[in-house]
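What follows is each chain in one-letter form.
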Amino acid sequence: MVLPTDPPVFTPGMRRDLIPAAIAHARSAARAAAMQPGLDDPIAPNGTDASASTCRIVHGEGGAAPLTNGPRARSIRDTEADTTNAAAAAAGANGTIELGPEWALPTLPEWRTTTRVKTNAVALTLCLNIGVQPPDQPRPAKAATLQAWVDPFKETAAKSLDLIAKHLQQQYEVLQPRAKYRLALDPTLDDVKKLCSGLRRLAKDERVLFHFNGHGVPKPTPSGEIWVFNKTYTQYIPVSVYDLQSWLGSPAIYVWDCSAAGNIVTAFNQFAATRDAEAAANAANAVNAATNAAANAAAATLSNGSLAGTLGTLTATGSVSDLPGTPPLLSSTVPPSSLPTPFSESIQLASCAAGDTLPWTPDLPADVFTACLTTPITMALQWHLLTHASARAHCPVELAAQLPGRLNDRRTPLGELNWIFTAVTDTIAWSVLPRDVFRRLFRQDLLVAGLFRNYLLAQRILKHYGCNPMTSPALPATDMHPLWIAWDLVVDMVVDQLPGLLGHPPMQQKQQQQQQMRGIGGPVMLPPLAHHAEYAHSPFFAEQLTAFDVWLVTASAASQPPLQLPIVLQVLLSQHHRTRALIILSRFLDLGPWAVAEALQVGIFPYVLKLLQSPAPELKPVLVFIWTRILAVDPAGCQADLMKEAGYAYFVHVLSPTANLTSVTDVSEHRAMCAFILATLCHGYRAGQQACLHAGVLQHAALYLGDADDLLRQWACIAIAQVCHQQSDAILHALDDGLHAAIARFCLADAVTEVRAAAALALGTFLQLASPQLQPVTLDMVTAVLPTVSDAAPLVRAEGVIALACFVSHHRPWFEGAAERMVAERNEAVAAATAAAAAAAVTGPASSSHVGGTGAVISQPGVPVPSRLAALVAVPAAGAFEAIAGATWKLLLMASVDPDPAVAKIAQRVVDAVIAKHPIYPPCSTLFERQRRFFAEPQILPMEIRQQGSVRDLERKWTFERNRKLVMASHGPCVAIAAESGIVVNGNDTTTTVPTSPAWSQALTFALPTASSPLRALRVHAFEDLVFAAQGTHIGVWSVPGLTSDTSGNKAQRLTGATELYRLEHGTAPPTAIEVAHEDAYSLLMSASADGAVRVWRDVVPYRSAYTARQVEIAGEGGEDGTGGHGNDDRGRWIGARLRPQQRQTRQLVDDDEDDDESVGVVPTVATSWRAAPDLTPPRVRGAAADAVVLKWIGPLGMLAVAGAARTVRLWDLDRDQPAHVVHTRSAAAVTALACDVLGSPHVLVAGGADGAVRVLDVRAPPADALVAAPKEHPAWCVGVECGQRVPPAAIVDGGSAATMAGLSVAELERAERAAAVASPLAGMLVSASAAGDLKLWDLRSPTRSVRTVNAFGQNASLSAFAMHPYAPLAVAGSAAQQCKLVNMATGAVAHSATHYEGFLGQRLGKVTAAAFHPLFPTALVGAGPASAPIVTVYRRERASAPVGN
């Protein structure tokens, strides 16, 4: 069941006068429109009013198009541009159905790289001046010399410089092979300027990389100057970073490899901030100047008359770009794409901080920073060997640069190590950087991503030698990240194999051979190994997947994504681990929208998009699952990607019935996911609709309309609707194939609510197309849709109203005429009634007949008696179109006062538009948005309440144990009350005693707030200290601490007061009856009003955690089935999945459970509402009070019985949102009370009538034969009927848990059964009470005559309230004379009598209006008083009576 969550908007009108109230609402809308003569009616495109043959529908993205084949119709593509403005206006007036917070998914963070900037030009500036030391950097005797892994002193300076530059370019080409490289070797100032300016012209708007090696020049100055040479290399010439910014422009990336490089970064950022501020000020001044110039030009060219109008336009629009005479370039706004990239967005990587000097360690290259950035694998192997003596003992340092393989071949040692290095550095960066910074540095540009990955290694190595590398934007320190340990293990395994891979003996063997050969005086040369060793691949990825798998086991308690998430991306590149990685990824995505957002942020999307080209059958189910989770969270962001390279065809193939799905376990579920994916592709995306239409999605989906899986049926209908939405050719294809008939046949009357709603959506989509040739088909579809407006599910009713709105929009003139006629008839009826009332006032009151109580029947001559509501919506005898259109109009009027605010709002818009003669733009359906949330919620993991050890699981177990103890504790009072009848019960036998009278006392009295009407109903929760009171137009939820406790003995908890927790507003119709379902689990409050509407409230019990708030010890597993209550879920089942409490994340529970015994902020909300009694008879006199509607919840059946002033009793299956049984009472008298033996005979209903009859109904029989007996012994109308229940045998046995009961012998079980039967003397009996004050006891096995009658009050006092304890033979009766009596129905004796309220000013409190018993303990609640001062008094039985006999 899908529930509405829109804010409550209560509409006027009650059930006895629905259609007149709707007409009144429409008349008020017409008057409001007439009072605004300056407001023109919206017109259709091309200046024509909307005609009966056009349908203009507000699209979800604001586009509307007429879907018609009439003579004036044009194609959708021709009219799309024309209707955009009209649709936008209609959307502003009509709007779309807004989703409530329950259905709105969390906002997805930006995960795509919106602007991709590539680095296509690289400047390599080397200032080495080989052989000459800078004056401020004296070189030690033994210092590092290698530059780009080249020894500059092996060749001449010029050759070495060229060789170094060549090697450095080759190293950069590994990162970006397509870039254009320019070299500046020991350059002058002019060389640098020429190089930078030329590269900026070459790169255009792309990024330029400037690499500076300043090992042969002085350190940069604190003011941000680097050094180059003069033409004769006799002087160092400074070059300001400010000048470099001017020459290179932006965007750019800078690599500073020199000592004190931090000076450059600091100065660069200062200059960049200054430049950006100046650029922003100049841009603002230019815009202002352009605006003023345009305004002056317009003022000079226009006359005074036209100038006023133009200035008015300027004032209204705030723009001058459309004024006459405005130059095209002088716009008031500047496109963001045309603005230059700020200098502050430039990227810098510096080798050290301002006060640092690069290390001179001879074992490292001199340009160690550049070596880390360009050759990270070689540098990592060498540094590992230098820092690990045990590794050097096995492998010489020289072999670090000889690792075999290719970087782009992951099967080779070098390729695999580079693959692992990429995964490690990506993971480190993702775990420490903000998501936007990570996307910018690691996902935007390949060269930038490679440099920053390698920078993490440089940071680790240089920090080891006392240097502090810097970047802009700044990166946190990562040299101590725990993932480096895993990297060291991988490198150590490679180093261990390196000598064997190269065919060299290990170091120990080499040293031994050298010593042996020196001993015999031979040469030192060693022979190579006979063969190269085979490379053993690293288990790194397999181990990381195992770690991810372990994390998923505890995912419910996790607050952060696992560290291994970025590694999964790299694992997908391996065919060996791909399937396992995808399965683990799917389990992670199943955790919820937050997990999908994290995966998209890390960059999973391109990988899963590429995998759609894979034909591997084993990947089909997992890819379908992953794509379903992604599209459920981000439906609109991936549509264009699915169209690329026909990626959607992958899912069309899976949806096809001919697809080979042998590797899929649940074929129907995966096909439902494919239908969802294709529906998402079509949602608001015309290219996707055309692609799916041509791919045969309509034909494929039609094959599954009768499938056994309800999820597949539902999404097949939604997919058909999405493909056909505002597509005339698709609708014609669907109608030609008979899809409308198949949907109406298989899905429109489905048992699942969501399937019925999807079917109504599909038929409503077909109704968007209107044509005279399609008139018969249209009428058939409207006829099929009409019953959905009376469905029990608000979601189905909303879709039905939207579908009918399309039909109304095509035939506006007929409906406008019908509205005018109906309003005129209503005005005449009101005038006639007013005249009759005036005549009656003059001549005096007319004779009347009256039957007391809520069954009032009053008639006045001269006043027409309105017929029943069913007659109001009857189809007149006319042509097919007239009949169907008339029924449509009346159903829309009824829907305009629907109990659900969302449905009423939609219908009101349609009715208002018809009355005001405005164009009708039916609102867009939100069914797709609501239902896609199903795929965003966890599906693989069990519900938290079923996860062993979770907070909700511990609470469930604690609740079961608490409920079991309360049921056991209630056995004592029941035995004591049985003793009053002369019987004492124990676990082994029963003994007869002398009847005694218990002591009853007034335990508590609390006042209710003032209301518009007196207290109508009371209800006590069985296991919580809650009281529900229905008064006025609201229901109060009161907390009475100690109410649910054992009242016998000295441990009875004293009642200290009552606190109102919530006040549930019920609308204009006051509540007349309340019921509580699932008292032993998560309770639902059901309320009925006099207009026949039933509302179901959830979260009425404040949430409490048994583990963190209560801190109690959980005993056992909570029964064999592990559920709360009497060993099961509310003695039966859950009703409706969406009726359950709102799901709460575990993380939220842990944070909020610090406040003991407090709610986490979830307030009661209306879970669902519908008109459960559609055939009520209105009062015969205008203004008279309507008859009450009564309820009875039958837990074992999961059904709610509803009755009132009607000839039928309806049983609603709340699991299906459909009527299960409609039982005829064979009487015109109103039903005033309902009862049922829910544990003994749940299929037998007892109805008390306004005529004093007690009718026994068997719902299993045919509706016309359901009446079993109808004895009529009461002289007045029945105030109430109640059935006695049987005490569970487990409550008789000490410690009566499931395990204890299972261990009893047959004889012990029989004794327990007999004891339970004796403890419930009224089990299987019925007690009824009438307004005349008589209480009658009936045997349901032979209900033809009563077995006992008790006259509770005298002849002058009428009984006004009645209640009976379900297990004890105790009834409470209240009278209009301010008296209440407690009667033992087993003996007929009055146990207690009190004047309510006893005390000072008691006479002012009015009559008793409501009464209730606690479902377990002998505690009675009595409500009394007028609407201005209502009170509730609690009476408790103080102690149990001891047996006095054997």
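What counts, and where the lines are drawn
Residues numbered from 1 in each chain as written. Predicted model: local features only at pLDDT ≥ 70, side-chain atom pairs only at ≥ 80, totals over all residues. Heavy atoms only, no water. Helix = DSSP H or I, 4+ residues; strand = E, 2+ residues; numbered from the N terminus. Buried < 20%, exposed > 50% of the residue type's maximum accessible area, 1.4 Å probe, protein only. Contact = heavy atoms within 4.5 Å. Pairing = 2+ DSSP bridges. Axes fitted to C-alpha atoms, helices over the stretch in contact; angles between N-to-C directions. pLDDT = per-residue confidence, 0-100. Core = buried A, V, L, I, M, F, W, Y, C linked by side-chain atoms within 4.5 Å. Phe/Tyr/Trp six-rings, centres within 6.5 Å; stacked < 30°, edge-to-face > 60°. Lys NZ or Arg CZ within 6 Å of the ring centre and 35° of its normal. Salt bridge = Lys/Arg side-chain N within 4 Å of Asp/Glu carboxyl O. Parallel < 35°, antiparallel > 145°, perpendicular 65-115°, else oblique. Left-handed = near helix turned anticlockwise from the far one by under 90°. Nonpolar A, V, L, I, M, F, W, Y, C, P; charged D, E, K, R; others polar. Expected span 1.5 Å × (residues − 1). Arc of directions from axis to C-beta.

**Some thoughts on the overall build of the protein chain**
If you tally the helices and strands in the protein chain, you get 42 helices and 38 strands. By residue count, 57% of the 1446 residues in the protein chain fall in the buried class. Expressed as a percentage of contacts within the protein chain between residues at least 6 apart in sequence, the contacts between residues at least 24 apart total 70%.

**Concerning the sheet that holds strand S6 (residues 252–257)**
If you walk across this open sheet you meet the 6 strands as S2-S1-S3-S6-S7-S8, and the pairing is mixed. Two strands lie at the open edges of the sheet, namely strand S2 (180–185) and strand S8 (470–472), each paired on one side alone. Adjacent strand axes in the sheet meet at a mean angle of 10° when their direction is disregarded. One ladder, built from 6 bridges, connects strand S1 (residues 119–126) with S2; its direction is parallel. Looking at the pairing, Thr125 lines up with Ala184 of S2. Contacting strand S3 (207–213) and S6, helix H5 (residues 241–248) runs over the sheet at an angle of about 145° to S6.

**A closer look at the confidence of the model for the protein chain**
Overall, the prediction assigns the protein chain a mean pLDDT of 78, with 74% of residues at 70 or greater. Confidence drops under pLDDT 50 across residues 520–530; counting only partners more than four residues distant or on other chains, this segment forms 12 contacts. With pLDDT under 50 throughout, residues 983–995 is counted as low confidence; its partners more than four residues away or in other chains account for 39 contacts.

**Quick notes on the pairing of strand S28 (residues 1278–1283)**
With 5 of 6 residues buried, S28 is to be regarded as a mostly interior element. Bridging between S28 and strand S29 (residues 1325–1330) involves 5 bridges; their strand directions are antiparallel. Across the sheet, residue Val1281 finds its bridge partner in S29, namely Ser1328.

**Looking at the nonpolar core**
Of all hydrophobic cores here, the largest spans 260 residues; its most connected members are Trp256, Phe588, Trp627 and Phe766. Ranked by size, the runner-up nonpolar core spans 25 residues in total, among them Leu1337, Leu1359, Met1364 and Met1385.

**With respect to unusual backbone geometry**
With omega at 10°, the peptide bond leading from Ser250 into Pro251 counts as cis. On the secondary structure map, Pro251 appears in the loop between H5 and S6. With an omega dihedral of 5°, the bond running from Ser472 to Pro473 counts as a cis peptide bond. With respect to the helices and strands, Pro473 occurs in the loop between S8 and helix H14 (483–502). Even without being glycine, Asn129 reaches a positive phi, approximately 45°. Its identity as a non-glycine residue notwithstanding, Ala148 has a phi of 55°, on the positive side.

**Side note on the packing of aromatic side chains**
The geometry of an aromatic ring pair is captured by the separation of the ring centres together with the interplanar angle, meaning the angle of the planes. For the structure shown, the criterion picks out 36 aromatic pairs. Seen from their ring centres, Trp551 and Phe588 are 5.9 Å apart, and the 55° between their planes marks the pair as tilted. Of this pair, Trp551 sits in helix H16 (residues 540–553) while Phe588 sits in helix H18 (residues 578–589); the two residues are 37 residues apart in sequence, bridging distant segments of the chain. The ring of Tyr242 has Arg275 sitting right over it, with the charged end atom 3.8 Å from the ring centre. The positively charged end of Arg410 is found above the aromatic ring belonging to Trp419, 5.5 Å away from the centroid.

**Observations concerning the environment of Val1202**
Assignment of secondary structure puts Val1202 in strand S21 (residues 1199–1203). Residue classification places Val1202 among the buried residues on the basis of a relative accessible area of 2%. Expressed as a C-alpha distance, the spacing of Val1202 and Trp1212, which sit 10 residues apart in the sequence, is 7.9 Å. Dropping the residues within four chain positions of it, Val1202 is found in contact with Val1094, Ala1172, Ala1173, Val1189, Val1190, Leu1191, Val1209, Arg1210, Trp1212 and Leu1234.

**Remarks on the sheet that holds strand S20 (residues 1190–1194)**
With antiparallel pairing, 4 strands are arranged side by side in an open sheet as S20-S21-S22-S23. Of all the strands in the sheet, just S20 and strand S23 (1218–1224) have a single pairing partner and so form its edges. Between one strand and the next, the sheet's axes are offset by a mean angle of 20°, whatever the strand orientation. Pairing of S21 with strand S22 (residues 1208–1213) involves 4 bridges; the strand directions are antiparallel. Note that in S22 the partner of Ala1201 across the bridge is Leu1211.

**Re the pattern of salt bridges**
The tally for this structure, following the rule as stated, stands at 28 salt bridges. The salt bridge involving Glu1273 is made with Lys1336; its shortest N-O contact spans 3.6 Å. Of this pair, Glu1273 sits in the loop between strand S27 (1267–1269) and S28 while Lys1336 sits in strand S30 (residues 1334–1339), and the two are 63 residues apart along the sequence. Owing to a relative accessible area of 8%, Lys1336 belongs among the buried residues under this scheme. Because the salt bridges share partners, they merge into one network encompassing Arg112, Asp641 and Lys644.

**Structural notes on the packing of H16 against H18**
Packing of H16 against H18 leaves a shortest axis separation of 10 Å and a crossing angle of 25°. The orientation of H16 relative to H18 falls into the category roughly parallel. With respect to the hand of their crossing, H16 and H18 are arranged in left-handed fashion. Across the interface between the two elements, Ala542, Leu545, Thr546, Phe548, Asp549, Trp551 and Leu552 from H16 touch Arg580, Ala581, Ile584, Arg587 and Phe588 from H18. Residue composition of the contact of H16 with H18, by class: 8 nonpolar, 1 polar and 3 charged.

**Side note on the packing of helix H9 (residues 376–387) against helix H13 (residues 446–464)**
Relative orientation of the contacting elements H9 and H13 amounts to 25°, with a least axis distance of 11 Å. Accordingly, the angle class assigned to the pair H9 and H13 is roughly parallel. Both H9 and H13 take part in a crossing whose hand is left-handed. Of H13, the residues touching H9 (which contributes Pro376, Met379, Ala380, Trp383 and Thr387) are Asn454, Leu457, Arg460, Ile461 and His464. In terms of residue class, the contact of H9 with H13 is made up of 6 nonpolar, 3 polar and 1 charged.

**Things to note about H16**
A rise of 1.5 Å per residue sets the reference length of H16, with its 14 residues, at 20 Å; its end C-alpha atoms lie 20 Å apart and thus fit the reference within 8%. For H16, every residue scored as buried is listed here: Phe540, Phe541, Gln544, Leu545, Phe548, Trp551 and Leu552. An end-on view of H16 places all buried positions within 130° of arc, on one side of the element. The exposed residues of H16 that point more than 90 degrees off its buried face are Val550 and Val553. Looking at the buried side of H16, the elements it contacts are helix H11 (413–432), H14, helix H17 (565–571), H18 and helix H19 (593–602).

**Remarks on the pairing of strand S16 (residues 1071–1077)**
Counting buried residues in S16 gives 7 out of 7 residues, a clear majority hidden from the surface. In textbook terms, the turn of a hairpin is the stretch between consecutive antiparallel strands, and for S16 and strand S17 (residues 1084–1089) this stretch comprises 6 residues, one of which, His1078, has a positive phi near 60°.

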